[in-house]
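# Commentary on secondary and tertiary structure
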Amino acid sequence: MDTRLLEERSRILTETRAFFLGRGYLETDTPALAPALIPESCLEVFRTEYDNPFLGRMDLWLVPSPEVWMKPLIARLRRSVFQVCKCFRNSESLGRLHNPEFTMLEYYTVGADSGDSRQLTEELFRRCAGPDTPAWARPPFRRMTMAEAFRELAGLDLEALQDRGALVEAGRGKGLLVPLEASWEDAFNQVFLSLVEPSLPADAPLVLERYPAQIECLAADIPGTPWKDRWELYAGGMELCNCYTEASDPGAVRASFERESERKRTARVPHRVDAGYPDLFSGFPPCSGVAMGFDRFVLALTGERDLSRLLPYPFADILAENEGALRRP
Amino acid sequence: MIRGGDIAKGSVLLINSHPHIVVDREFVNPGKGAAFARVKAKNMRNGNVVTQTIKTQDEVEDAQVDLIDCQYQYSDAENYIFMNNESFEQYFIPFPGHEDKKFYLQEGETYSILFYEGEAIDIKIPYKMVFTVAESENYVRGDTVSGATKPVVCETGLVVRVPLFIKQGEKILVNTETNEYQERVNT
């Protein structure tokens, strides 16, 4: 831990709040505990239990993102909101960019699309940058579509490789260890993580746009294309945030819930899913949301790339100091 | 076979039929994706480094390797030459991919050599080794702050930063991963 970074974190948090409040966003404070979560097969969660000696017990889960609470609130209030809160993700590896509990900055702009969110995020960076902010974390953002990144950095036409077998074959043709039975999504990630992501331009923050529609999430589809209206922001090799033009078709959300619930059956920590949740999207206003790893945001603005420099108690240290309490598999 | 999640630095993978030693490994969770191990692996035959990403639950082929203690004898224009301590058989390890090993090889010392299908493909450098200081400038006592260091050149050509009291001809213990000085060795 570096005291200077804690001071910077506090300054950036104050600036962030002032930035959104000054634009008329409502700051929300939704629960960390939830009786059901949005099914996301890409992550594992923490389970806990409410225990009332008179009423009984109830399973609860710690939110991996405040989205599950914020979206119903947006449907009710129909206005732009933001929140800074602790989120929890289980089973992830520990490293310089991961900690099982972390701070998320999530902001939703009603009446906006992902392009508006990109401009808003650029302004947020401008507002929060300090004298130590390196060039690679300063706006203006560079933009690249996923298809361009695959073409330029992997030499592959991703739009033409929408068939699972074709993408697996293309990955193997590049010498990658893609299993013959790999899903389209896993093959995509193997090519992306081996050939594309390590070579992304890193001289300025990069908005990587138009993610494959075959990767399940609650972003709106771009009609007539194999893409979703989703972008991710990279700075200094770190993935800082994820943005959608939010899906607002209850049918599409329900279908996504069903597919992801099915894939969640093999989760290490299963959780409840509220089957009625997709219904709230019938009254959902047009909206774009951004989820930003706030700790990584602070790292970027201070020119750092390792969470252990920022966190007073990195989980890896807590684990090492309490090794006796670890029950090995 | 080895699981993606079990791959570590030093694991030997068989990639497109060539043995590759893992020189770097990190776990990555792409946005909305499963957990993967991203490894940098060096082809032990030509030194080329490749990046591979393996799902932590998936298994990939690893190379069955043997470790044999061998004595380093000398190097010619293209190879390091080792001798099996038991059979006295000689092995040649070509320089490509192992250029930086020369700083840690001392004639007459024993090293673990990695064999794949009967072929010597890599030299394991011990984590800590003793080197003799070959060149060292003399610093005058009192002209720098305490804790100050100076660079010295060891007999193998390795450059190490050491405390000012270390003199030419003395032996020092060095961490070979970081090239950091550990302590002076009294002989």
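Residues numbered from 1 in each chain as written. Chains lettered and ligands numbered in written order. Predicted model: local features only at pLDDT ≥ 70, side-chain atom pairs only at ≥ 80, totals over all residues. Heavy atoms only, no water.

Before going further, it helps to examine the side chain of Thr53(B). With respect to the element layout, Thr53(B) can be found in strand S5 (residues 49–55). By relative accessible area, Thr53(B) is classed as buried at 1%. There is a polar contact of 2.6 Å between the side chain of Thr53(B) and the side chain of Ser194(A). If we ignore the near neighbours within four places in the chain, the residues touching Thr53(B) are Gln190(A), Leu193(A), Ser194(A), Phe36(B), Ala37(B) and Arg38(B). (Helix = DSSP H or I, 4+ residues; strand = E, 2+ residues; numbered from the N terminus. Buried < 20%, exposed > 50% of the residue type's maximum accessible area, 1.4 Å probe, protein only. Polar contact = N/O pair within 3.5 Å; in protein donor to acceptor, adjacent residues only side chain to side chain. Contact = heavy atoms within 4.5 Å.)

This brings us to the domain arrangement of chain B. Residue and element names in this part refer to chain B. What the domain assignment lists for chain B is domain 1 (2–60), domain 2 (65–124) and domain 3 (128–185). Taken over C-alpha atoms, the centre of domain 1 sits 25 Å from the centre of domain 2. Counting from both sides, the interface comprises 10 residues of domain 1 and, opposite them, 10 residues of domain 2. Taken together, both faces of the contact between domain 1 and domain 2 bury some 780 Å²; the carbon and sulfur share is 58%. The interface formed by domain 1 and domain 2 holds one salt bridge in total. The residue Glu119 makes a salt bridge to Arg45 at a minimum N-O spacing of 3.1 Å. Between domain 1 and domain 2 we count one residue pair in polar contact (both at pLDDT 80 or more) in total. Broken down by secondary-structure element, the contributors of at least two residues to the side of domain 1 that touches domain 2 are strand S2 (12–15) and strand S3 (18–28). Taken together, the residues of the side of domain 1 that touches domain 2 sort by class into five nonpolar, three polar and two charged. (Domains from an automatic or database assignment. Buried area = accessible area lost by both parts, 1.4 Å probe. Salt bridge = Lys/Arg side-chain N within 4 Å of Asp/Glu carboxyl O. Nonpolar A, V, L, I, M, F, W, Y, C, P; charged D, E, K, R; others polar.)

On to the interface of chain A and chain B, then. Across the boundary between the two partners, chain A contributes 26 residues, which contact 20 residues of chain B. Of the roughly 1900 Å² buried between chain A and chain B on both sides combined, carbon and sulfur atoms contribute 50%. Counting the surface chain A buries against chain B, the share from its top three residues, Cys42(A), Leu177(A) and Leu193(A), is 30%. Between chain A and chain B we count two salt bridges in total.

What follows is about helix H1 (residues 3–22) of chain A. Residues and elements named next belong to chain A. Under the 1.5 Å per step criterion, the end-to-end length of H1 is 29 Å for 20 residues, consistent within 8% with the ideal 28 Å. Inspection of H1 places Leu5, Glu8, Arg9, Ile12, Leu13, Thr16, Phe19 and Phe20 among the buried residues, and these make up the whole buried set. On an axial view of H1, the arc spanned by its buried residues comes to 140°, and they lie on one face. Looking at H1, the residues exposed on the side facing more than 90 degrees away from the buried face are Thr3, Glu7, Thr14 and Gly22. Packed against the buried residues of H1 are strand S5 (81–88), strand S6 (101–110), helix H3 (114–128) and helix H8 (294–301). The backbone nitrogen of Arg4 lies 2.9 Å from a side-chain oxygen of the residue at the head of H1, namely Asp2. At the C-terminal side of H1, Gly24 shows a positive phi close to 85°. (Expected span 1.5 Å × (residues − 1). Arc of directions from axis to C-beta.)

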